[in-house]
Amino acid sequence: MTLGRRQFIRIGGAALGGAAVASGLTTRWWGLDRDRIDDPGTEGDRVVATFCELCFWGCGVKAHVKDGRVTKIVGNPDHPLSRGMLCPRGAGGTGLLYDPDRLTRPLVRRQKRGEDVFEAVSWDAALGVVGEKLLAVKRQHGPEAVALFTHGSGGSWFKHFMKAWGSPNVGAPSYAQCRGPREAGYLLTFGTPLGSPEPIDLANARVITLIGSHLGENMHNTQVQELAEAIGKGAELVVVDPRYSVAAGKARYWLPVKPGTDTALLLAWMNVILTEGRHDADYLAKHAVGLEELKAHVADKTPEWAWPHTGIRPELIRESARFIAAARPASLVHPGRHAVWYGDDTQRMRAMAILAALLGSWGRRGGYLSYGKMGVPAYPVAEPPHGGASAADRPKAGGFPIASEVIASGLCDASVPGSALYDLKAWIVYGCNLMQALPSRRQTIAAIQNLDLLVAVDVLPAEICGWADVVLPECTYLERDDDVAAPAYKQPFLALRQEVVPPLGDSRPGWWIAKGIAEKVGLGPFFPWKDAREYVDVRLRKGGFDVDAARAAGVVLGRPIATCEEEGLPVQIPTESGKIALRSEQLAKLGFDPMPVYYPQEEGPPGHFRMLMGRAPTHTFGRTTNNRLLAEPFPENEVWINADVAKALPGFERPLATGDRVMLVNQDGARSGPVRVKVTERIRGDCVYLVHGWGQEAPRLRQAHGRGASDAALVTRYRTDPIMGGTGMNVNFVRLEPAGRSA
């Protein structure tokens, strides 16, 4: 019999334990038995089903309450996204709930912006200031002069307010600063953006290709579970990354590509697959257009051509391409999520989508699926007025023709007088720290100084709060009801967020805050519900759902659906032609390359390294760095640097060692705070790597303040994707200096 690796470890461990006992040795000495752990007494006398907001994934949880306090949070086994398990962040939700630095009183600024000097006031006074200033903006500039920046499910209440107010300027940094190029690339190729969760069949894939995707470190709970299951069933990984990531440690092939050359590698893979006839010819003949043009386009993009660009040997490019193709159609090119790298990102994502098409994986098991969604009737309320064009549309400059959402960085730009279709004069910022989320902090601050009003709605005193005129403290997701969640998924479902414990201090739920602002500006009739619970219950009853059962379970499952060709569902390609666009006529008509072209990236100054950013499994962006529970295993970020490079860095008296502290200085002179060094062979020598979200400057965040280095502060340059407006931020370079050296 052939033993799998996990079976071998399990059997080997048992055998060793038996040998230790037989020889008279204590197993505690060898570390082979479990230490007895006393019952911590976290079982609740009451358990409430809700869903998580420690990240955007929205996993179902069950919160245990004992003596009025949440004692633990576990996964809801009935929820399709958590499946009874949580990532470290989700399990650490009480660290946010009981964070001693939480905002608990409304605040009004009393000194100039950025000085973080506020007076605590009543809710009526704070909402009165917001309402008065919003009405003044409306009188002088029109309702469209107000913008909303939002992140999180509670933002739906503020989106509704913006519709009632009459402004189209609602943007989320999660689009243009994260996933937008991916959505545009797949929209152009397959006729649909991907959305979230991504419609991929990790569980049944035989080969999974990760291109700059740190799955496992970027902890998307369901996908990490499915990735582990797939590997357990024998699936293989191909990982393209300048850094030897956690996933790379489990890969058959790790290709340490030179940063900025991924498109060259993708074109070379296409060359091998097409010239050797390893593509799915029957599938493409039925479902795609432009194959002959694509063959001609990549005819000279050989592995030998790609080698000097990518640094990957031709034989490795060929071998990995054949390996990927051999598993088709259950060969999944994972689309990733954070896609804003170099400013030509839509075309790189197009190349990934085209590779998926060559493998015949769109609409088939082990590849890309078709998800379904459960419908819930709307709450009966008057239809708000429709706003006009967004200030971020840039019609004079040709706009961003494939953007499917408002560009958040474009809203920031439109707050500089005379730079857009019209000027923005007020911002409402819900749940997103724009100092970390938007590129070029200097530009963000300059835009803020032109505003008549900035309102920050947040749980914690994040950096953006220090620049606000009014800070409105929202309670955490464990202290509020929100709208019902009904995402598209392979198992359609509805999920309910429910108040587990009452709000702490004088914090309030988002629905209450949005309703309160609406009433101050005469829009109360657009918020006729008593509270969010009534709002959701009305919707559920109109849809014929059992409200009591839904609230008890926290989730309602829909009927199973067919998701792929193997389950009887025809391949879905909602392009204008009904075919996969290997060559995009839409891009050609707009004056862009109809097929992806590799353009070399700018190199950094001598002595500098390209700065790459990523995630940690215990943290969500910069939102959790102040969480004491999550900071215990991961208290600060480190800068990864290649071991050979660390031996002889200019300006250092000795070779750098792990644990040393350095300063990072970018090409424009921007400086980080002191940051620990991680000297490793797991990264190329031409780049360094930081986990995003540290180096926070907000003094009220006592755990996070000043810890580690802020990659956001070092992003002083970016390249804008002309197709959809994404801001490529991997175009910054840093050098290392000994900590303590002054500028």
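Basis of the calculations
Residues numbered from 1 in each chain as written. Predicted model: local features only at pLDDT ≥ 70, side-chain atom pairs only at ≥ 80, totals over all residues. Heavy atoms only, no water. Buried < 20%, exposed > 50% of the residue type's maximum accessible area, 1.4 Å probe, protein only. Helix = DSSP H or I, 4+ residues; strand = E, 2+ residues; numbered from the N terminus. Contact = heavy atoms within 4.5 Å. Pairing = 2+ DSSP bridges. Axes fitted to C-alpha atoms, helices over the stretch in contact; angles between N-to-C directions. 1 Å grid on protein atoms, 1.4 Å probe; cavity = no way out; pocket = protein on both sides within 12 Å on 5 of 7 lines; lining within 4 Å. Points joined across faces, edges and corners; volume = space filled by probe spheres on them. Nonpolar A, V, L, I, M, F, W, Y, C, P; charged D, E, K, R; others polar. Parallel < 35°, antiparallel > 145°, perpendicular 65-115°, else oblique. Left-handed = near helix turned anticlockwise from the far one by under 90°. Core = buried A, V, L, I, M, F, W, Y, C linked by side-chain atoms within 4.5 Å. pLDDT = per-residue confidence, 0-100. Salt bridge = Lys/Arg side-chain N within 4 Å of Asp/Glu carboxyl O.

### Here's the deal with helix α6 (residues 156–165)
In terms of burial, α6 is a largely internal element, seven of the ten residues being buried. Where α6 is concerned, the buried positions are W157, F158, H160, F161, M162, A164 and W165.

### Focus: the environment of A164
Tracing the sequence through the fold places A164 in helix α6. Among the residues examined, A164 registers a relative accessible area of 5% and is labelled buried. Along the chain, A164 and L210 lie 46 residues apart, while their C-alpha atoms are 42 Å from each other. Excluding anything up to four places from it in sequence, A164 contacts P384, P385, L523 and F526.

### Looking at the sheet that holds strand β4 (residues 107–109)
Spatial ordering of the open sheet is given by β5-β4-β15-β14-β13-β6-β7, a layout of seven strands whose pairing is mixed. Since the sheet does not close on itself, it has two edges, and those belong to β5 (118–120) and β7 (170–171), each with one partner. Inspection of the sheet shows β4 paired to strand β15 (residues 470–473) by two bridges, in the antiparallel sense. Across the sheet, the residue bridging to L107 is V471, located in β15. Of the strands in this sheet, β6 (146–150), β7, β13 (426–430) and β14 (453–458) touch α6, which is tilted by about 165 degrees from β6.

### Concerning empty space enclosed by the protein
One simple way to see leftover space: roll a probe sized like a water molecule over the atoms. Applying the stated criterion across every chain yields a total of five cavities of 30 Å³ or more. Estimated volume of the largest cavity: approximately 80 Å³. What lines the largest cavity is simply C52, L54, C55, W57, G58, C59, L86, C87, R89, G90, M219 and N221. Grouping the amino acids of the lining of the largest cavity by side-chain chemistry returns eight nonpolar, three polar and one charged. The calculated volume of the second largest cavity comes to roughly 60 Å³.

### Observations concerning the packing of helix α7 (residues 173–190) against helix α14 (residues 345–358)
In contact at an axis separation of 8 Å, α7 and α14 are set at 45 degrees when each is read in the N-to-C sense. Classified by the angle between their axes, α7 and α14 sit oblique to one another. Note on packing geometry: the crossing formed by α7 with α14 is right-handed. Contact with α7, carried on its side by P181, R182, A184, G185, Y186, L188, T189 and F190, involves D345, T346, M349, R350, M352, A353, I354 and A357 of α14 and no other residues of that element. Classifying every residue of the contact of α7 with α14 gives ten nonpolar, three polar and three charged.

### Digging into the sheet that holds strand β2 (residues 60–66)
Taken together, the three strands give an open sheet; going across it, the order is β1-β2-β3, and neighbouring strands pair in antiparallel fashion. At either margin of the open sheet sits one strand with a lone partner, and together these are β1 (46–51) and β3 (69–75). Going across the sheet, the axis of each strand differs from the next one's by a mean of 30 degrees, ignoring polarity. Bridge analysis of β2 against β3 gives six bridges, and the strand direction is antiparallel. Looking across to β3, one finds that H64 is bridged to K72.

### Structural notes on the packing of helix α9 (residues 262–275) against helix α12 (residues 303–310)
Packing of α9 against α12 brings their axes to within 9 Å, and their N-to-C directions diverge by 165 degrees. As far as their axial angle goes, α12 and α9 are roughly antiparallel. For the element pair α9 and α12, the recorded crossing hand is left-handed. Between α9 and α12, the residues in contact are A264, L265, L267, A268, N271 and V272 and P303, W305, A306, H309 and T310, respectively. Partitioned by chemical class, the residues of the contact of α9 with α12 number eight nonpolar, three polar and no charged.

### Concerning the nonpolar core
Membership of the largest hydrophobic core comes to 69 residues, with the highest contact counts inside it found for Y186, L255, W269, L294, W362 and L582. Considering every element that reaches this core, the biggest residue donor is α9, with ten residues. Residue contacts for Y186: discarding those within four places in its chain leaves G191, T192, L194, V333, P335, M349, M352, A353, W362 and Y368. Ranked by size, the runner-up nonpolar core spans 49 residues in total, among them V146, M162, V457 and A518.

### Quick word on the confidence of the model for the protein
In the predicted model, the protein carries a mean pLDDT of 93, and 94% of its residues have values of at least 70. Here residues 1–33 is a poorly scored stretch, pLDDT under 50, and it has 16 contacts once near neighbours within four places are set aside; other chains count.

### Regarding the pattern of salt bridges
Within this structure, the stated rule accounts for 52 salt bridges. A salt bridge links R83 to E229; the shortest N-O distance between them is 2.8 Å. Separated by 146 residues along the polypeptide, R83 in the loop between β3 and α3 (88–91) and E229 in helix α8 (residues 221–232) bring together distant segments of the chain. For E229, a relative accessible area of 36% gives the class partly exposed. Between R654 and D660 there is a salt bridge, with its nearest N and O atoms 3.0 Å apart.

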